[in-house]
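Topology and contacts: notes
Chain by chain, the residues run as shown.
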Amino acid sequence: MRHLLAVNHALMFAGIFKINLCHSLIKLPVISPSVPIPPRQWISIRPEGVYCAPGDFYIDPFKPVPRAVVTHGHADHARSGHGEVYATPETLAIMAIRYGKDFTQRQHPVAYGTTVDVGQTKVTLEPAGHILGSAQAAIEYGGSRIVFSGDYKRHADPTCSAFRPVACDVFVTEATFGLPVFRHPPIQEELKKLLVSLELFPDRCHLIGVYALGKCQRVMMELRQLGYAKPFYVHGALVKLCQFYIESGYELGEVIPVSDADKKALGGEIVFAPPSALADRWSRSFPNVMTCAASGWMQIRARAKQKLVELPLVVSDHADWPDLLRTLQEVGAPEVWITHGREDALVYQAEKMGLRTQVLSLLGYEDDDDS
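Residues numbered from 1 in each chain as written. Predicted model: local features only at pLDDT ≥ 70, side-chain atom pairs only at ≥ 80, totals over all residues. Heavy atoms only, no water.

Over the atoms rolls a probe the size of a water molecule, and its path tells where empty space is left. In the structure shown here, the tally under the stated rule is two cavities of 30 Å³ or more. Each pocket or cavity is described by its volume, and for the second largest cavity that value is around 60 Å³. Every residue along the wall of the second largest cavity is listed here: H155, H184, P185, I187, R218, V314, V315, S316 and H318. Grouping the amino acids of the lining of the second largest cavity by side-chain chemistry returns four nonpolar, four polar and one charged. (1 Å grid on protein atoms, 1.4 Å probe; cavity = no way out; pocket = protein on both sides within 12 Å on 5 of 7 lines; lining within 4 Å. Points joined across faces, edges and corners; volume = space filled by probe spheres on them. Nonpolar A, V, L, I, M, F, W, Y, C, P; charged D, E, K, R; others polar.)

Here is the structure:
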């Protein structure tokens, strides 16, 4: 057993975070009041996802588990079937909308800034700035603190609380846009392109591909703030979540399901739909469609061309390259773990900044939510 543990710890110190095949043999280290226990000794990777041994819970697990801490409501992080779930009240409500009220046996709502005891750990949820209810999970045990940021962004967003840097010993970050080429412009500049297009082509239906949770509602609110007052028309897959935002106090304005409108009369109007609906039969009955897409990936012209997008809008709910680096500086953690995305460039830059790095290579997370 000691040999297996030694090998496992050696791999982790080498910066290779492998699935812990001998997790059932691990015993928690004895806590010393004067010597902090580094998170690498009590955080491991299992087939279900990232596991916290002293709390006996998983963070954003890939499969149903007895106890989970969920950072936000996107489908690649929030799955149904867990025994109990700790999350913000907004995330729990979103999960109930998507999976039904019985998505878990027991819910534990945790407001931002509130600390709760989970097993032998203390867990605090802080804003991540990604979407409504998104949170960073700060976990304290044995005199150390690790922060799992989930997905996050640093640009202002009227639909969610702004990211709050949390000092820690280990910061766990995504790297979705972890290349120097990714520098997201202000969303207002991108949406002004849409408003200009509506003026130039008043007979064309502007069909915008957006992710159902977060991106859709953010674009709506930003357009309202730019003075757009006409109704928005939405695909059926977006209706419930838009209604939830409205009921939560977000001023989306008039939102009409496409099923309640005459599709042939929507020339000059804005219609929101999941990205997957842009090219299917559903979209073909709109008049003279101008295909648009709101995504950080629209910065890559080849991808926009591949998706047959006429009007690409560079709008992302993830941190771009400058904001990834700014976040590492502001958090001030000496050690950084990277969960998913473009890891190599971020590892290189973080090590140039004097930080220890570790790549988790969690393949269960996608670049964005497309439910």
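Having seen the model, we can carry on.
The next point concerns the sheet that holds strand β19 (residues 356–359). The mixed open sheet is built from seven strands, whose spatial order is β7-β8-β9-β10-β11-β18-β19. Edge positions in the sheet fall to β7 (115–118) and β19, since each of these pairs with one other strand and no more. The average angle at which neighbouring strand axes cross in this sheet is 25 degrees, direction not considered. Across six bridges, the pairing between strand β8 (residues 121–127) and strand β9 (residues 135–141) is antiparallel. Along β9, the bridge assignment pairs L125 with A137. Sitting on the sheet, helix α7 (residues 321–331) touches β11 (170–175) and β18 (335–341), and the angle it makes with β11 is about 175 degrees. (Pairing = 2+ DSSP bridges. Helix = DSSP H or I, 4+ residues; strand = E, 2+ residues; numbered from the N terminus. Axes fitted to C-alpha atoms, helices over the stretch in contact; angles between N-to-C directions. Contact = heavy atoms within 4.5 Å.)

With that settled, the discussion passes to the packing of α7 against helix α8 (residues 343–352). The contact between α7 and α8 brings their axes to 11 Å, and the two run at 40 degrees. When the axes of α7 and α8 are compared, the pair comes out oblique. Seen along the crossing, α7 lies across α8 with a hand that is right-handed. Seen from α7, the contacting residues are W321, L324, L325 and L328; seen from α8, they are A345, L346, Q349 and A350. When the residues that make up the contact of α7 with α8 are grouped by side-chain class, the tally is seven nonpolar, one polar and no charged. (Parallel < 35°, antiparallel > 145°, perpendicular 65-115°, else oblique. Left-handed = near helix turned anticlockwise from the far one by under 90°.)

In this section: the pairing of β9. The side chains of a regular strand alternate between the sheet's two faces. Counting buried positions along β9 gives six out of seven residues, so the element sits mostly inside the fold. In this structure, β9 lies alongside strand β10 (residues 144–148), joined through five bridges in antiparallel fashion. The residue bridging E140 from the neighbouring strand is R145, located in β10. Here β9 folds back onto β10 in antiparallel fashion, the turn holding two residues, of which G142 has a positive phi close to 60 degrees. (Buried < 20%, exposed > 50% of the residue type's maximum accessible area, 1.4 Å probe, protein only.)

What helix α5 (residues 239–247) keeps buried is the set L241, C242, F244 and Y245. Mapping the buried residues of α5 onto a view down its axis gives an arc of 155 degrees, with all of them on the same face. The exposed set on the far side of α5, more than 90 degrees from its buried face, consists of K240 and E247. Remark: G249 follows α5 within two positions and exhibits a positive phi of approximately 100 degrees. (Arc of directions from axis to C-beta.)

Looking now at the packing of helix α2 (residues 89–99) against α5. Two numbers describe how α2 lies on α5: the axes approach to 10 Å, and their chain directions differ by 150 degrees. Classified by the interaxial angle, the pair formed by α2 and α5 is roughly antiparallel. The element α2 and its partner α5 pack so that their crossing is right-handed. In this structure, α2 contributes E90, A93, I94, I97 and R98 to the contact, and α5 contributes K240, L241 and F244. Residue composition of the contact of α2 with α5, grouped by class: five nonpolar, no polar and three charged.

With that out of the way, let us pick up the side chain of T339. Relative to the assigned elements, T339 resides in strand β18. Setting aside anything within four residues of it in sequence, one finds T339 in contact with V172, T173, E174, L360, S361 and L362.

What follows concerns the packing of aromatic side chains. Overall, the coordinates contain 12 aromatic pairs when judged by the stated rule. Residues W42 and Y141 carry aromatic rings whose centres are separated by 5.3 Å and whose planes lie at 70 degrees to one another, so their mutual orientation is edge-to-face. In this pair, W42 is assigned in the loop between α1 (2–13) and β1 (43–46) and Y141 in strand β9, connecting sequence segments 99 residues apart. Each member of the pair, W42 together with Y141, is buried. By the ring-pair criterion, three or more aromatic residues cluster together here, those being Y152, F163 and F171. The lysine or arginine in question, R46, covers the ring of Y51, its NZ or CZ lying 3.7 Å from the ring centre. Its end group placed over the ring of F286, K263 keeps NZ or CZ at 4.6 Å from the ring centre. (Phe/Tyr/Trp six-rings, centres within 6.5 Å; stacked < 30°, edge-to-face > 60°. Lys NZ or Arg CZ within 6 Å of the ring centre and 35° of its normal.)

So, on to unusual backbone geometry. Negative phi characterises most residues that are not glycine, and trans characterises most peptide bonds. Positive phi is not limited to glycine here, since D60 has a value of about 45 degrees. Here D60 lies in the loop between β3 (57–59) and β4 (67–69). Residue N288 is not a glycine yet carries a positive backbone phi of 45 degrees. With respect to the helices and strands, N288 occurs in the loop between β15 (270–273) and β16 (290–294).

Taken together, six strands build an open sheet; the order of strands is β1-β2-β3-β4-β5-β6 and the sheet is mixed. What marks the edges here is a single partner per strand, and that holds for β1 and β6 (104–109). Taking the axes of each pair of neighbouring strands and ignoring which way they run, one obtains an average angle of 30 degrees across the sheet. In this sheet, strand β2 (residues 49–52) lies alongside β1 in antiparallel orientation, the contact comprising four bridges. When the bridges of β2 are listed, S44 appears paired with Y51.

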